[in-house]
Structures are given as structure tokens and as C-alpha cells.
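Chain and residue survey
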2 protein chains.
Amino acid sequence: MDGAAFKDNVFNQLSRVGKVLSSPKRLEILDLLSQGPKSVESLSAITRMSVANTSKHLQALLDSQLVVYRKDRNYVIYDLSDKSVIDLLLAIRTVADKQLEELAQLRQQIEESREPFESVTVEQFVDRYESGGITIIDVRPREEYEAGHIDGAISIPMGDLERYIDQLPQDQAIFAYCRGHYCLYAAEAVKLLKAKGLHAIRLDASLHDWNKYRQQ
Amino acid sequence: MDGAAFKDNVFNQLSRVGKVLSSPKRLEILDLLSQGPKSVESLSAITRMSVANTSKHLQALLDSQLVVYRKDRNYVIYDLSDKSVIDLLLAIRTVADKQLEELAQLRQQIEESREPFESVTVEQFVDRYESGGITIIDVRPREEYEAGHIDGAISIPMGDLERYIDQLPQDQAIFAYCRGHYCLYAAEAVKLLKAKGLHAIRLDASLHDWNKYRQQ
DNA sequence: GATCTATTCAACTTATTGGTTGAATAGTAA
DNA sequence: TTACTATTCAACCAATAAGTTGAATAGATC
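The present account deals with the structure reproduced in this document. (Residues numbered from 1 in each chain as written. Chains lettered and ligands numbered in written order. Predicted model: local features only at pLDDT ≥ 70, side-chain atom pairs only at ≥ 80, totals over all residues. Heavy atoms only, no water.)

Turning our eyes to something else, we now look at the protein's contact with DNA strand D. Taken together, 22 residues form the shell around DNA strand D, and within it A:Glu41, A:Ser55, A:Tyr78, B:Lys56 and B:His57 come nearest. Among all atoms of DNA strand D positioned within 4 Å of the protein, those belonging to sugar or phosphate total 74%. A:Glu41 places a polar main-chain atom, nitrogen or oxygen, 2.9 Å from a phosphate oxygen of DNA strand D. Separating a phosphate oxygen of DNA strand D from a backbone N or O atom of A:Val76 is a distance of 3.1 Å. Residue assignment for the surface near DNA strand D shows that the elements contributing at least two residues are helix 3 (40-47), helix 4 (51-63) and strand 3 (75-80) of chain A together with helix 2 (24-33) and helix 4 (51-63) of chain B. Along the lines of polarity and charge, the residues of the surface near DNA strand D split into seven nonpolar, nine polar and six charged. (Near = heavy atom within 4 Å. Polar contact = N/O pair within 3.5 Å; in protein donor to acceptor, adjacent residues only side chain to side chain. Helix = DSSP H or I, 4+ residues; strand = E, 2+ residues; numbered from the N terminus. Nonpolar A, V, L, I, M, F, W, Y, C, P; charged D, E, K, R; others polar.)

A word on the sheet that holds strand 4 (residues 119-120) of chain B. Within a sheet, each strand pairs with its neighbour through backbone hydrogen bonds, oriented either parallel or antiparallel. Residue and element names in this part refer to chain B. Pairing in this open sheet of five strands is parallel, and the strands run 4-8-7-5-6 from one edge to the other. The sheet is open, and its two borders are formed by strand 4 and strand 6 (154-155), each paired with just one other strand. In the packing of helix 7 (residues 122-131) onto the sheet, the strands contacted are strand 4, strand 5 (134-138), strand 7 (173-177) and strand 8 (200-203), and the crossing angle to strand 5 comes to about 130°. (Pairing = 2+ DSSP bridges. Contact = heavy atoms within 4.5 Å. Axes fitted to C-alpha atoms, helices over the stretch in contact; angles between N-to-C directions.)

Okay, the relation of the copies chain A and chain B next. Once chain A has been moved 0.0 Å along the axis and rotated by 180°, it coincides with chain B to within an RMSD of 0.0 Å. Read as a symmetry element, the transformation amounts to a two-fold axis. (Least-squares fit on C-alpha atoms with pLDDT ≥ 70 in both.)

With that out of the way, let us pick up the pattern of salt bridges. Throughout the structure, instances matching the rule amount to 22 salt bridges over all chains. The closest approach of N and O atoms between B:Lys38 and B:Glu144, which form a salt bridge, is 2.9 Å. Taken together, the residues B:Lys38 in strand 1 (residues 38-39) and B:Glu144 in helix 8 (residues 142-147) connect sequence positions 106 residues apart. Assigned by exposure class, B:Lys38 and B:Glu144 land together as buried. Sharing partners across several salt bridges, the network here consists of A:Asp8, B:Lys25 and B:Arg48. (Salt bridge = Lys/Arg side-chain N within 4 Å of Asp/Glu carboxyl O. Buried < 20%, exposed > 50% of the residue type's maximum accessible area, 1.4 Å probe, protein only.)

Residues and elements named next belong to chain B. Taking 1.5 Å per residue, 13 residues should reach 18 Å; helix 4 reaches 18 Å between its end C-alpha atoms and fits that length. Within helix 4, the full set of buried residues consists of Thr-54, His-57, Leu-58 and Leu-61. The buried side chains of helix 4 occupy one side of the element, clustering within an arc of 100° when seen end-on. Structural note: helix 4 exposes Ala-52, Lys-56 and Asp-63 on the side pointing more than 90 degrees away from its buried face. Of the residues one or two after helix 4, Gln-65 is the one with positive phi, at around 60°. (Expected span 1.5 Å × (residues − 1). Arc of directions from axis to C-beta.)

All right, on to the packing of helix 7 (residues 122-131) of chain A against helix 11 (residues 207-215) of chain A then. All names here are of chain A. Contact geometry for helix 7 and helix 11: axes closest at 11 Å, N-to-C directions at 75°. Between helix 7 and helix 11, the crossing angle belongs to the class labelled roughly perpendicular. Contacts between helix 7 and helix 11 involve Val-122, Glu-123, Phe-125, Val-126, Tyr-129 and Glu-130 on the former and, on the latter, Asp-209, Trp-210, Tyr-213 and Arg-214. Grouping the amino acids of the contact of helix 7 with helix 11 by side-chain chemistry returns six nonpolar, no polar and four charged. (Parallel < 35°, antiparallel > 145°, perpendicular 65-115°, else oblique.)

Right, dumping it as C-alpha cells:
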């Protein structure tokens, strides 16, 4: 194989990874899996695709080895194959964030359509975290919390939040986080808690954003 | 816009970046641009595509704002729009490296088809760099060196190397680097220098790998 | 202003992909 | 074994993308 053929081959291989990232639905699947392993059935439900189609996408992801699976009873449970896939997802989000004005506009629409509420970035949050005296709630589904969460956070999935309000401290700041920047759970949680008179603040970051920041 | 539509929209935007990375030729263009700005004409020559097609790819890159351009005389010079694009390229390469066995095999073929030669990673190189007493040569085209290079490296493009051999130190280790892991220039340079009896070693990294490692 | 050249646009062909529906498979539970 | 369920496979259609060639555009130079 000569130099040119070698080069073509390398970029062909690299583009296999790129291909996987070229479909919105596949990105959504990867994003969901980055929060924890999930069955084909539940992925199909969350993404509102046919099971067959979801399976097909998962096969594509499998083909470029971005995901792995294991069988459990009669479910097939998929998961990301490697931590470097999370880094890739974060990288693509960073680029899109910076370059695509449309995304910024989307975020703004969401922000403006709701009551204004307090929101902090990872950088702003870390001091409060270190000095303690706060409550952190993880409002993602229970399984995702169990697959990994910010140290010291308690799990209150969105659906259960209303029932648990009484048990939350009235005199402490309560930080809520979810799947990250483009997930709406935490924003809704803060809105609900504020309406009930609690001091709620959104932590505008995912578990992975947090991990990445901490390891630096 | 409701939650589901918002979500679809976000992933649609993210996939625009993914789409760009789904074509081998576009990846090659991005990779070339990461070494320094280039005209449409030279990109077309290096990638061996028609100028029209190259231009079309560049339009696609422009559309998702991964590149920018400026006009110079009657050339249009393209460049990456942002440092975060480089991070994205590194991330995709890391994932592909780990996941795609085919890539590993490709590399191995190349290694084996040549004389074995010394090669060091960034991690191994840094000590030698710090303690000095070495020569570092950048064997990429001159313009790429000028767009950015490892501190202390001298520019000797591959084509000129043979002529400059006499001026290189006979008693020092000479480290050669090029565009990175999948570029063949440095390997060829080391082969040539070794054949002439010099103590040549490949630094198996790109300028960006080096920068990334140093900033940590 | 006229000419030259780099770049981009337009039209077209072929190949690939996302999605659907319905059947086949494989693993569980009774 | 039989029945059941989750998942995958197969066949198909519609939409999109990569690449080609040839024409149009716009800057620079004379």
C-alpha cells in the first residue's frame, strides 16, 4: 500500500466514527447512554422511534465499536464502550456550542419562556460545593443516578420531586442538576421548588462536565 | 416549542457538526487545515479532488462554521475557525484509535513494512526536551511550520532534507516530527537520516498533541 | 476596459442512508 | 414442550450526499 492509499484508508476509518455522529437520533442514543446503560426498548421509548429502527441504529454504533452490550434476562442492555466516547461527545458539544448560533438561540428561547431562575456553571459551583452546607439533588431517572452521580447528591427523579418537597431543607440552598446543558429536567425542578418557596438553583452541567472539570 | 421538539432540535444542530465529520475527504481537509491555513487550490491538490468538489466540501464546512476564510490576492485562504475544532479532531482520533482495530492494523502494516526505527511518544519525549542537547526538525511543508511549531524546532521540509543532512549534528539525537500519528513524513525522514548514519528518532505526535500534553 | 485565473455555482448520475412494516430469531417462563 | 416477549433481520421506498463536467462569477493585472 502506498502513501496515498494509506492516507485514504486512515481517513476512511476516522470517518466511520464521524458517520455515527451524523444522525441526530444516534447522537441522542449516545447521549442517553452516557448517562447510564439502557435496553433497546427503553431507548426506543425515549427517542420515540420504532424498536426496529432503534435496533438498526444500535447496530451501526456497534459496528464502529462505540457501544457494547450485554444480555440480561430477555433484554439486551447497551452501554458506551469507553470513556473516550464521552470525551468525544463533550468535544462535539463544545464545538457546536461555539459555532452554531442556532443552538444558542434555542437555549435562549427556553430560558426566556420560563421564569428567570438562578443558574450556575461548574466553575461557579465548585466553591459552594467545597464549603458545604448545601443540598444537591439529581433529578434524572433513578437508574442513571445509580450508574454514577456527583458525590453527595441525592436522587429525586423528576416524577417524584413534588412528593419529596417537604423533606427538603427550607433553609439551605438546593442545587439541582440533570443530564446537562440541553436537558430540561433541572430547569423544571428549580421552577417547581422556587414556586414552593425553596431556595433552588440550577447547576447547569452534566455529571460528565463535572468529572471533566474536577480531574483537571 | 415543547420538550420533545426542543430535544430534536438540539440533536439536529449537533448532528450538523457530525455530518461534517462523516466524509473522509472532509476530515482530511480539516486535518490539513489544522496544520495551517491553505488555499482551495492547494487543498484540492493534496487531497487529489477536483477543485469544484473541494470547494463544495469547504462550503459544507463553512455552513457549520468549522472553518473561516479570508481573501488574499486572487486566492481564498481557508482556516479552522476555532481551537475547539482541533480538540474535536483529537477526540475523534482518540476514539477511532481505541475502537477501530482496522486502524491499529494499518499502522502495524506501515511499521512492519519499513526498517524498524526508534520512535517516542509525547510522554517519553518531554524529558529529553527539558534537558536539552537535542535537535528537533519539523519535516512538514514550510508554511505549516510557519503557522506554528514546537518551540526550538527547525524547519526542514521533506523535500529539502537530503540537501541539509550535512548541516545536521552528527553527535546529537535528532527528533523528527510531522503532522502526527498517521502522517508518514517523519517516519521517512528518520529512515533517511538513519541510512546516513545519524541518530534519528521519530517523535510520534503532532504539534497539537504536543500542545495538548503541555497545557495539562 | 479587457483579459486572465481562482473559485464557486448548477445540473446531473450514482450510491448510500433513514425510515417503515412484517417476518424470523432467541431467550424466558410456565 | 409451548407460549410469550424483546430483539434483530429483510425488503422496500424516499430522501440525501458525493462526485463529475461545464458554465458563471469576481478579483487582479495589464
